[in-house]
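Descriptive analysis of the structure
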2 protein chains.
Amino acid sequence: MQKPLPFTKKQLETIIKQHPTPFHIYDEAGIRKTARKLARAFSGFPFFRNYFAVKALPNPVIMKILVDEGMGMDASSYAELMLCERVGITGENIMFTSNDTPQEEYEKAFELGAMINLDDISHIDYLEKHVGIPKIICFRYNPGSLRKGGAHSHIIGKPEEAKFGATRKQLFEGYAIMKKKGVKRFGIHTMLASNELDYRYFVETARMLFELIKELSKRLDISFEFVNLGGGIGIPYRPQEEPFDLDRMAKDIGKLYKEIILGARLPPPKLFMENGRMVTGPHGYLVSKVLHLKKTYKNFIGLDACMANLMRPAMYGAYHHITVLGKEDKPTTTLYDVVGSLCENNDKFAIDRRLPKVKIHDIIVIHDTGGHGHAMGFNYNGKLRTSELLLKKNGEMKLIRRAETVEDYFATLNFFA
Amino acid sequence: MQKPLPFTKKQLETIIKQHPTPFHIYDEAGIRKTARKLARAFSGFPFFRNYFAVKALPNPVIMKILVDEGMGMDASSYAELMLCERVGITGENIMFTSNDTPQEEYEKAFELGAMINLDDISHIDYLEKHVGIPKIICFRYNPGSLRKGGAHSHIIGKPEEAKFGATRKQLFEGYAIMKKKGVKRFGIHTMLASNELDYRYFVETARMLFELIKELSKRLDISFEFVNLGGGIGIPYRPQEEPFDLDRMAKDIGKLYKEIILGARLPPPKLFMENGRMVTGPHGYLVSKVLHLKKTYKNFIGLDACMANLMRPAMYGAYHHITVLGKEDKPTTTLYDVVGSLCENNDKFAIDRRLPKVKIHDIIVIHDTGGHGHAMGFNYNGKLRTSELLLKKNGEMKLIRRAETVEDYFATLNFFA
């Protein structure tokens, strides 16, 4: 089965002439389309906004596109806050969702006027001591054994084992303390799934948070300005996987919103999510060339990209679809391991993958690298991270991150020490 | 059980006043001692040399110390070759062991006069075409199912599934071709183990290579200038693990050397290894402070370090011993998850670890970070890599790599794009 590409072979060959492989290329039209699809699914709500998880694709040009599409940014660290600031994103356009948070990160979040999402009630004192109490506060809820983790809970962890969020009891305590300290604006957040393809998981998450809002509102006499269902909407990495049913999710969440929230005559909270991967993931492509073909006990395709450019297969055993450019219609006759040049045996983009017969210099496109792709790269073995290109909606191509050089790799060293 | 530290609490507190946590600190005296122990174990051989696997700890100051101890460098990439060059290491002091190698890496290796270790016989033509045939050539052997992988073969892979090296048949072919092309100096190499604690594995590797040298020498009428047993000597990450028996390994390899090599009246080849981890690994420490204590469904110690500074626990589930500084003699009464602030649930240095009761601001020392520690760090979540310090043998402390800044993280971006 095939996965479509947003560029032709000829187009990509022209790009490669200007920008040598390997590189990630992102498809602006696709990103905007997906952003709109997400917004449209929730258009029946009083207010919906996705705060893009910056960590998925921390590139200013991409962030600007998403802001243009009406998104906020979910930042999780000092550098991500700085990135928002440099791009001109401030105030409540930022949700700051961190954990084990150092003082300077709270200071920066406070300075920018970001909405602060507290991971732990012990952070209340820490926050107050170092920066003061913000006007709007959110807590991250961890339901523990009350919820199962999603399909990928081997990665995100079972809720009761996860390091994130506060218990139910702590939530009640936390909001009560904050109310006493004079806070009037409240939000609630959870994040339980990762790359989840079953929409019903998010419906159950919404139900859980809506019920909680009802209880918290009544018991503490507070009202909620927003509810953040977290992110974690999955993408079909395998061509045979069904796409996530956004519309069905939004419809079912809408029913619960009416039933639980409006039914209890609560002031209607805004609905937030913090999806990263589902927005940009499917619209990124790692473009690489075949450097070597090797045949020992297996057949190996050696690329000019390596795991430093895409860690998910090595780190999680994740599947990424591979297209041999121009051979889309050829029969997949040969079993290959598709590998990089890093001196670690897990540097493999695919193991035992059926592909058309490949030649040296063939262009290999690895799909779905727009989320947690370039962002997770390391410099192990002295490997350098690639450039990032944007295929603009008008068909132009733009360099939005240059490739690393050896001088970047040496930047923190002192050869004269 | 405890693992010793090369510094006192007071000493470390003084260092922290100048250099804020987190940082890696390396113990020069320990590194030199281990380097000498390795050399001494093999002192009965006509010639022994370890080519330090640069990827384990690619820092120029450490590399200079190891060169001072008589080691060469094993480089696996362009950046590592450049690093050698900048440090002043050239010629046959470098072994270039790469795979899926791009042209420019062979060019650089050739220019530096490094010994080139070919991963695949198809690289012969590639090498000749792009740089020519070097005076000395080595092939990397992969015995396939003839050998089992070592204890950590889940990481390094079973030989017959690994992407590295040439088959037996290909070896005979490769040396024959190279002989025809006029090469007179030969070496042979393999690398089958990773973090292996059983010395007998290396003895069997030596036997395999010695027998192979005998056969190759006789059948092709060539002689071997060196045999490189590879690296992979393990270190006891857990305090109850037995240290690797270097002396026993060298003694048993010595017997085989006499029996197989000298017994066949072959010219005695030099003996090489390419250990990284065992040389520097035990002499590195990630020093961190407790930022937060969190109690939800488990007890969490939140550090100011995160997996960006040490990937092994998250990536491989690897054990790293933890010392709470100054509490070495306190009873280990509490079960903790020791975590960082990265927004991934696998950002945990330890899960369910028994430690003494910990307080905020306690100094936490994570052991055995001198190999594949800082080197494997990434910038995911906008997390920055730490500084590296050297505790010199005279007791002085030296900064040998500065910490990354947000500007480093932004270096490849163009905010005006």
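Keep in mind that what you see is a predicted model, and the values were worked out from it rather than measured. Within every chain, residues take consecutive numbers counted from 1 along the sequence as written. All chains are assigned letters beginning at A, and all ligands numbers beginning at 1, according to the order in which they are written. This being a predicted model, a pLDDT of at least 70 is required before a residue's local features are given, and a value of 80 or more before pairs of side-chain atoms are given or counted; all residues contribute to the totals for chains, interfaces and linings. Hydrogen atoms and water are omitted, and side-chain values are computed over all heavy atoms in the structure.

**Some words on the overall build of chain A**
- Assigned secondary structure in chain A consists of 13 helices and 17 strands.
- Its C-alpha radius of gyration of 23 Å places chain A within 12% of the 22 Å reference for a compact globule of 417 residues.
- Projected onto the principal axes, the alpha-carbon positions of chain A cover approximately 70 × 55 × 45 Å.
- Here the term buried applies to any residue with accessible area under 20% of the maximum for its type, exposed to any over 50%, and partly exposed to those in between, with areas from a 1.4 Å probe on protein chains only. Buried residues in chain A amount to 66% of all 417 residues.
- Here the accessible surface of atoms and residues is derived via Shrake-Rupley with a 1.4 Å probe, and residues count as covered only by protein chains that are part of the display. Carbon and sulfur atoms form 51% of the exposed surface of chain A, whose accessible area is close to 15,400 Å².
- Here the positive residues are Lys and Arg and the negative ones are Asp and Glu; neither His nor the chain ends is included. Each charge is placed at NZ for Lys, CZ for Arg, CG for Asp and CD for Glu. Within chain A, the 49 negative side-chain charges are centred at a point lying 4 Å from the centre of the 60 positive side-chain charges. Under the DSSP-based scheme used, a helix requires at least four consecutive residues in state H or I and a strand at least two consecutive residues in state E, with every element numbered from the N terminus. Only the C-alpha atoms count toward the radius of gyration. The rule for a globule is 2.2 Å times the residue count to the power 0.38.

**Some thoughts on the packing of aromatic side chains**
- Between the rings of Phe, Tyr and Trp (Trp by its six-membered ring), a pair exists once the centres lie within 6.5 Å; its type follows the angle of the planes, with under 30 degrees stacked, over 60 edge-to-face, and the other angles tilted. As enumerated under the stated definition, the model contains 38 aromatic pairs over all chains in all.
- Seen in terms of ring centroids, Tyr106(A) and Tyr126(A) are 6.3 Å apart; in terms of plane orientation they differ by 65°. Their pairing is edge-to-face. Note that Tyr106(A) is positioned in helix H5 (residues 103-112) and Tyr126(A) in helix H6 (residues 123-130), a separation of 20 residues in sequence. With respect to burial, Tyr106(A) and Tyr126(A) carry one shared label: buried.
- Ring geometry for Phe96(B) versus Tyr106(B): centroids 6.1 Å apart, planes at 80°, classification edge-to-face.

**Structural notes on the interface of chain B and chain A**
- Contacts: residue pairs with any heavy atoms within 4.5 Å of one another. The interface of chain B with chain A comprises 99 residues on the first partner and 99 residues on the second.
- Accessible area that two parts lose when put together, evaluated with a 1.4 Å probe and summed over both, is termed the buried area. Surface buried jointly by chain B and chain A totals about 7,600 Å² across both partners, of which 53% is contributed by carbon and sulfur atoms.
- A per-residue breakdown of the area chain B buries against chain A is headed by Asp100(B), Lys163(B) and Tyr297(B), which together make up 10% of the total.
- Think of a salt bridge as a Lys or Arg side-chain nitrogen and an Asp or Glu carboxyl oxygen that are within 4 Å of each other. Here chain B is connected to chain A by ten salt bridges.

**Details of the sheet that holds strand E7 (residues 185-190) of chain B**
Residues and elements named next belong to chain B.
- Two strands pair if DSSP finds at least two bridges between them. Spatially, the eight strands close up into a barrel ordered E2-E3-E4-E5-E6-E7-E8-E9, and their pairing is parallel. Each strand of the sheet is rotated relative to its neighbour by a mean of 25°, with strand direction disregarded.
- Here three bridges tie strand E2 (residues 48-53) to strand E3 (residues 72-75), and the two strands are oriented parallel to one another. In the strand pairing of E3, Ala53 is matched with Asp74. Angular values range over 0 to 180 degrees, each being the angle between N-to-C directions of two axes fitted as lines to C-alpha atoms, with helices fitted over their stretch in contact.

**Section: the relation of the copies chain B and chain A**
- Least-squares fitting of one copy onto the other uses the C-alpha atoms of those residues that reach a pLDDT of at least 70 in both copies. For the pair chain B and chain A, the superposition axis carries a translation of 0.0 Å, the fit reaches an RMSD of 0.0 Å, and the rotation angle comes to 180°. Look at the turn and shift together and you get a two-fold axis relating the two. Rotation axis and chain B: the residue whose C-alpha lies nearest the axis is Phe378(B), separated from it by 2.2 Å.

**Focus on the pairing of strand E5 (residues 115-118) of chain A**
Residue and element names in this part refer to chain A.
- Side chains of E5 alternate between two faces, with Met115 and Asn117 and Ile116 and Leu118 buried alike.
- Where strand E4 (residues 94-97) lies against E5, three bridges are found, and the strand directions are parallel. Residue pairing for E5: Met95 is matched across the bridge by Met115.
- Handedness of the crossover joining E4 and E5 through H5: right-handed.
- Across three bridges, E5 lies against strand E6 (residues 136-141) in parallel orientation. In the sheet register, Ile116 faces E6, and the bridge partner there is Ile137. Convention used here: a crossover is right-handed provided that the path from the first strand, over the helix, to the second strand proceeds clockwise when the strands point away from the viewer.

**Things to note about the sheet that holds E4(A)**
Residue and element names in this part refer to chain A.
- Judged by pairing direction, the barrel is parallel, and its eight strands sit side by side in the order E2-E3-E4-E5-E6-E7-E8-E9 before closing back on the first. Between one strand axis and the next, the sheet turns through 25° on average, direction left out of account.
- Here helix H8 (residues 168-180) sits on the sheet and contacts E5, E6, strand E7 (185-190) and strand E8 (224-228); the angle it forms with E6, its principal contact strand, is near 170°.

**Notes on the pairing of E3(B)**
Residues and elements named next belong to chain B.
- Of the two faces of E3, the one carrying Gly72 and Asp74 and the one carrying Met73 and Ala75 are both buried.
- On the question of chirality, the crossover connecting E2 to the parallel E3 by way of helix H3 (residues 60-68) is right-handed.
- Note: E3 against strand E4 (residues 94-97), three bridges, orientation parallel. Across the sheet, residue Met73 finds its bridge partner in E4, namely Ile94.

**Describing the environment of Leu66(A)**
Residues and elements named next belong to chain A.
- By the secondary structure assignment, Leu66 is in helix H3 (residues 60-68).
- Judged by relative accessible area, Leu66 falls into the buried class, the value being 0%.
- Taking C-alpha positions, Leu66 is 26 Å from Thr21, a pair spaced 45 residues apart along the chain.
- Those residues in contact with Leu66, other than ones at most four positions away along the chain, are Ile31, Phe52, Met71, Met73, Val279 and Thr280.

**Concerning the domain arrangement of chain A**
Residues and elements named next belong to chain A.
- These domain limits were set by an automatic method or by a database of domain assignments. Domain boundaries assigned for chain A yield domain 1 (9-24 + 282-410) and domain 2 (28-280).
- Centre-to-centre, using C-alpha coordinates, domain 1 lies 32 Å away from domain 2.
- Contact with domain 1, which involves 22 residues of that partner, is made by 25 residues of domain 2.
- Interface area for domain 1 against domain 2, summed over the two sides, is near 2,000 Å², with a carbon-plus-sulfur share of 59%.
- The largest contributions to the domain 1 side of the interface with domain 2 come from His283, Tyr319 and His372, which together make up 29% of the buried area.
- Where domain 1 touches domain 2, the interface holds zero salt bridges.
- Definition of a polar contact: a pair of N or O atoms within 3.5 Å, with one able to donate and the other able to accept a hydrogen when the atoms are protein atoms, and with sequence-neighbouring residues admitted only if both atoms are side-chain atoms. Counting the contacts that link domain 1 with domain 2 gives ten residue pairs in polar contact (both at pLDDT 80 or more).
- For this scheme, ten residues count as nonpolar: Ala, Val, Leu, Ile, Met, Phe, Trp, Tyr, Cys and Pro. Four count as charged, namely Asp, Glu, Lys and Arg, and the remainder, Gly too, count as polar. Across the side of domain 1 that touches domain 2, the residue classes tally to seven nonpolar, eight polar and seven charged.

**Comments concerning the state of the cysteines**
- When two cysteine sulfur atoms lie within 2.5 Å, the pair is treated as a disulfide. Evaluation of the coordinates by the stated rule reveals zero disulfides over all chains.
- Free cysteine Cys138(A): the closest other cysteine sulfur is in Cys343(B), separated by 13 Å.
- Counting only cysteine sulfurs, Cys343(A) is the nearest neighbor of Cys306(A), a cysteine outside any disulfide, at a range of 11 Å.
- Overall, Cys306(A) belongs to the buried group, its relative accessible area being 4%.

**Details of the environment of Asp119(A)**
- Considering the arrangement of structural elements, one finds Asp119(A) in the loop between E5 and H6.
- For Asp119(A), a relative accessible area of 2% gives the class buried.
- When the C-alpha atoms of Asp119(A) and Asp221(A) are compared, they prove to be 22 Å apart, with 102 residues separating the residues in sequence.
- There is a polar contact of 2.7 Å between the side chain of Asp119(A) and the backbone nitrogen of Gly165(A).
- Within the structure, Asp119(A) has its side chain in polar contact with the side chain of Lys294(B) (distance 2.6 Å).

**Re the environment of His123(B)**
- Residue position: His123(B) is located in helix H6 (residues 123-130).
- Taking the C-alpha atoms as reference, His123(B) lies 8.7 Å from Asp100(B); in sequence the two are 23 residues apart.
- Ignoring sequence-local partners within four residues, the contact set of His123(B) consists of His292(A), Asp100(B), Thr101(B), Tyr106(B) and Leu118(B).
- Within polar-contact distance, the side chain of His123(B) engages the side chain of His292(A) at 3.5 Å.

**Quick look at the packing of helix H9 (residues 199-220) of chain A against helix H10 (residues 246-262) of chain A**
Residue and element names in this part refer to chain A.
- Two elements in contact, H9 and H10, have axes separated by 9 Å at closest approach and are oriented at 20°. Relative to H10, the element H9 is oriented roughly parallel. Where H9 crosses over H10, the handedness of that crossing is right-handed. Residues Tyr199, Phe202, Val203, Ala206, Arg207, Phe210, Glu211, Ile213 and Lys214 of H9 pack against Arg248, Met249, Asp252, Ile253, Leu256, Tyr257, Ile260 and Ile261 of H10.
- When grouped by side-chain class, the residues that make up the contact of H9 with H10 number twelve nonpolar, no polar and five charged. Any angle that is under 35 degrees is reported as roughly parallel, and any over 145 degrees as roughly antiparallel; angles of 65 to 115 degrees are reported as roughly perpendicular and all others as oblique. By definition, turning the near helix anticlockwise from the far helix through less than a right angle yields a left-handed crossing, and turning it clockwise yields a right-handed one.

**Section: the pattern of salt bridges**
- Overall, the coordinates contain 60 salt bridges over all chains when judged by the stated rule.
- With a shortest N-O distance of 2.7 Å, Asp408(A) and Arg402(A) are connected by a salt bridge.
- The exposure class of Asp408(A) is partly exposed, given its relative accessible area of 21%.
- Under the relative-accessibility criterion, Arg402(A) is labelled partly exposed at 31%.
- The shortest N-O distance in the salt bridge between Glu92(B) and Arg185(B) comes to 2.8 Å. You can see Glu92(B) sitting in the loop between helix H4 (78-87) and E4 and its partner Arg185(B) sitting in strand E7, a full 93 residues away along the chain.
- Residue Glu92(B) is classed as partly exposed on the basis of its relative accessible area of 31%.
- With a relative accessible area of 26%, Arg185(B) lands in the partly exposed category.
- Where salt bridges share partners, they join Glu28(A), Arg32(A), Arg36(A), Asp68(A) and Glu69(A) into one cluster.

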